[in-house]
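A closer look at the structure
Here is what each chain is made of, one letter per residue.
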Amino acid sequence: MCGINGFFSSKYDGLEIIQKTNLSLKHRGPDSEGIYNANNGLYLGHRRLSIIDVKDRSNQPFVSDCGNYILIFNGEIYNFLNLKLKLQNINVKFKTQSDTEVLLQSYIKLGLVETLNNIRGMFSFCIYDKIKEKLFLVRDHVGEKPLYYYKDSNFFYFSSEVKTFANLKSLGFEKKFNFNLINEYFRSASILDNSNTYFNNISKLEPAHYIEFDIKKNFLSKKKYWQLSQHVSNISNNLNEISFEQLLTKSIKERLISDVPLGVMLSGGLDSSVIASIAQKLSSKKINTFSLSFGDGLNENYYANLAAKTIGTNHYEIKVDEKKIFPYLYDNIEVFDDLGSTDPGILSLAFSTKFIRDHGIKTLLFGEGADEILAGYKRFALGTLPFSILPNKINLMLYYYFFSRDNFKSLKKFYKNFIPIENKINNKNGSYLHKFLKFEIEDHLPNNYLMKIDKSTMYNSIEARVPYLDIDLISFLLNIDQKKLVSTNWFFKFEGNEKKILRNLAKKYLPQDIHTRRKFGSMLNTKFFILSNLDKIYDLLSGNNNTNFFEYFSKKEIYNELDFIKKKKIINNNNESFFWRLLILLIYLKKNEN
């Protein structure tokens, strides 16, 4: 896991920009850094977090023996050992034990298309092909690793994080929040355009896409290399729970390959407990597990400790001092980076992974993605009987309401916000349930929860791995009978109806208290946090000198709402969401754009 960046221009020298960007990305790769100068206006930068083959021989930029191919790579290729064997069978020689070298040799011998068909992992990488005089920038299938870029007639720049674009100021580029998207920022848990960001002129490479940049012509094109819907065939009753367990076990086994200390985030919920159970089964020694504990009652200590005791792990409970959360948020607002996700989990995970990193852990397994691939949210009920017989628009509007938590203060505004989501869902194929699943996997997960995991862990130099998002496992689940995902007996069951196939598997490893648990939700109690920090929100508003902000909001209305909350000591769900995102934005603007 690393940080990558690059700069090309026939007008400007980019060495200083790459040097500054490498420094800005140090947290993503504190173990080593490197810069490649192609002597044609192209510079490539890299910061390394050493996980596989930690020796210097695997440092990057990684240059082929012939000198014609250069790779900078962020992520992991989980099936690299199998790919290495295939390449050795055609007489490819290797000088390292890294997946980096396997990836570059695969490109050299097999080409980009076949390489992308073969690799399984999380990644964003850039290959410079000197013979073709082209750059290839690639992002993984589901979007675990981000990659941002900007191009105009004078230069082309890309990086693993948005904050590094501030290093382009000397070239006249201003990293500014795009207030034209302010409505979307407040209405949705994350940005829903996979190619866009909340910052002017900064684009994001979509999952399962690659950029081909022709240096000679200064021309950029973009292509999609993998399509989720292409991997969905007729629903089958023959795909069984044994196959599910085998695929999940294989995914976890591949993600346990590491040359550095590894652990599992264990909340005590269903998803992470199954990951920890199988990981411990595969390990020859006790694995390390970690959980968070908050003092306001929003903690899962009982369940996390129960799971750890049942599984037999070395378990560590991280106690979060709530009095330190606001100062930490203010001092570390850059952890939210592109603001594409403002999930509170970014803050709590960043706060806790510092402790985990100090404990010597460099790699963590997470249960993220299970809800999206296994129909883990209550709103997925709208994809099953009896709800699925509702008229299409009514069904989708209900789904959008529960998905976005939008309010009905203005039906016109609600409908306007709903239209783009309706179009995205209607463009998916399959049943209602499968359309909802595909929408959340393709359009929501990459910008929200995967960015939560990436931003919060890499901020403290920890690599996060997500076993549920193995693409073969996803394809399997989108091909099984939906009754194996959710029960339609929504009105009479007290245990969780969702993730049925996972609950059945969990019975093999975990006690009933865990395999029947309903979803718990966010650890950080944002309602309590906002109520405890109202004075700070007042101060930030009064000190906000950004004129763009108040073109979109009435300062008086916001103050009136704050006065009401302060007087009544009550905050509803809509206000909770609004003021949390407002707080994030106000701190960001004060520290970056005022």
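Quick caveat, the model's predicted, so the values are computed rather than measured.

We now examine empty space enclosed by the protein. To find leftover empty space, one rolls a probe the size of a water molecule over the atoms. Counted according to the given criterion, the structure contains six cavities of 30 Å³ or more. By volume, the largest cavity is sized at about 90 Å³. In terms of lining residues, the largest cavity is bounded by 14 residues, among which Met1, Arg48, Ile52, Asp99 and Thr100 are the most central. When contributions to the lining of the largest cavity are tallied by element, the ones reaching two or more residues are strand 5 (69-77) and helix 3 (99-110). In terms of residue count, the dominant contributor to the lining of the largest cavity is strand 5 (three residues). Its residues assigned to classes, the lining of the largest cavity comprises six nonpolar, five polar and three charged.

The next subject is the environment of Ile474. Among the structural elements, Ile474 can be located in helix 16 (residues 471-477). Residues Ile474 and Leu374, spaced 100 residues apart in sequence, show a C-alpha to C-alpha distance of 8.8 Å. The contact partners of Ile474, leaving out residues within four places of it in the chain, are Val142, Leu228, Ile373, Ile441, Tyr468 and Leu469.

Looking now at the layout of surface pockets. In this structure, the second largest pocket encloses a volume near 340 Å³. What lines the second largest pocket is a set of 14 residues, and nearest its centre among them are Leu256, Leu262, Ser283, Lys285 and Ile287.

A few words on the packing of aromatic side chains. The relative placement of two aromatic rings is captured by the distance of their centres and the angle of their planes. The tally for this structure, following the rule as stated, stands at 41 aromatic pairs. Aromatic pair Tyr12 and Phe155: ring centres 6.4 Å apart, planes at 70 degrees, arrangement edge-to-face. Of this pair, Tyr12 sits in the loop between strand 1 (2-8) and helix 1 (15-24) while Phe155 sits in the loop between strand 8 (148-151) and strand 9 (156-159); the two residues are 143 residues apart in sequence, bridging distant segments of the chain. A relative accessible area of 25% places Tyr12 in the partly exposed class.

On the secondary structure map, Asn154 appears in the loop between strand 8 and strand 9. Sequence-wise, Asn154 and Asn79 are 75 residues apart; in three dimensions their C-alpha atoms are separated by 39 Å.

A word on the sheet that holds strand 16 (residues 363-365). In space, the five strands of this open sheet follow the order 15-14-13-16-17, with parallel pairing throughout. Strand pairing shows two members of the sheet lacking a second neighbour, strand 15 (314-320) and strand 17 (463-465), which therefore form its edges. Averaged over neighbouring strand pairs, the angle between their axes works out to 30 degrees when direction is ignored. With three bridges joining them, strand 13 (residues 262-265) and strand 16 adopt parallel strand pairing. Residue pairing in the sheet places Val264 in a bridge with Leu365 of strand 16. Packing of helix 7 (residues 270-282) onto the sheet brings it into contact with strand 13, strand 14 (288-294) and strand 16, and relative to strand 13 it is tilted by some 150 degrees.

So, about the sheet that holds strand 2 (residues 32-37). Spatial ordering of the open sheet is given by 2-3-1-9-8-10, a layout of six strands whose pairing is antiparallel. Taken across any chain shown, the strands that pair with only one partner, and hence form the sheet edges, are strand 2 and strand 10 (203-204). In this sheet, strand 9 lies alongside strand 8 in antiparallel orientation, the contact comprising four bridges. Within strand 9, the position partnered with Tyr150 by the bridge is Tyr157. Contacting strand 1, strand 2, strand 3 (42-48) and strand 9, helix 1 crosses the sheet at an angle of about 15 degrees to strand 3.

Moving on, we get to the side chain of Asn417. By secondary structure assignment, the location of Asn417 is in helix 13 (residues 411-426). A distance of 3.3 Å separates the side chain of Asn417 from the side chain of Asn183, its partner in a polar contact. A polar contact of 3.3 Å, which involves the side chain of Asn417, links it to the side chain of Arg187.

Cut-offs used in this document
Residues numbered from 1 in each chain as written. Predicted model: local features only at pLDDT ≥ 70, side-chain atom pairs only at ≥ 80, totals over all residues. Heavy atoms only, no water. 1 Å grid on protein atoms, 1.4 Å probe; cavity = no way out; pocket = protein on both sides within 12 Å on 5 of 7 lines; lining within 4 Å. Points joined across faces, edges and corners; volume = space filled by probe spheres on them. Helix = DSSP H or I, 4+ residues; strand = E, 2+ residues; numbered from the N terminus. Nonpolar A, V, L, I, M, F, W, Y, C, P; charged D, E, K, R; others polar. Contact = heavy atoms within 4.5 Å. Phe/Tyr/Trp six-rings, centres within 6.5 Å; stacked < 30°, edge-to-face > 60°. Buried < 20%, exposed > 50% of the residue type's maximum accessible area, 1.4 Å probe, protein only. Pairing = 2+ DSSP bridges. Axes fitted to C-alpha atoms, helices over the stretch in contact; angles between N-to-C directions. Polar contact = N/O pair within 3.5 Å; in protein donor to acceptor, adjacent residues only side chain to side chain.

No statement about biological role is implied by the geometric values presented.
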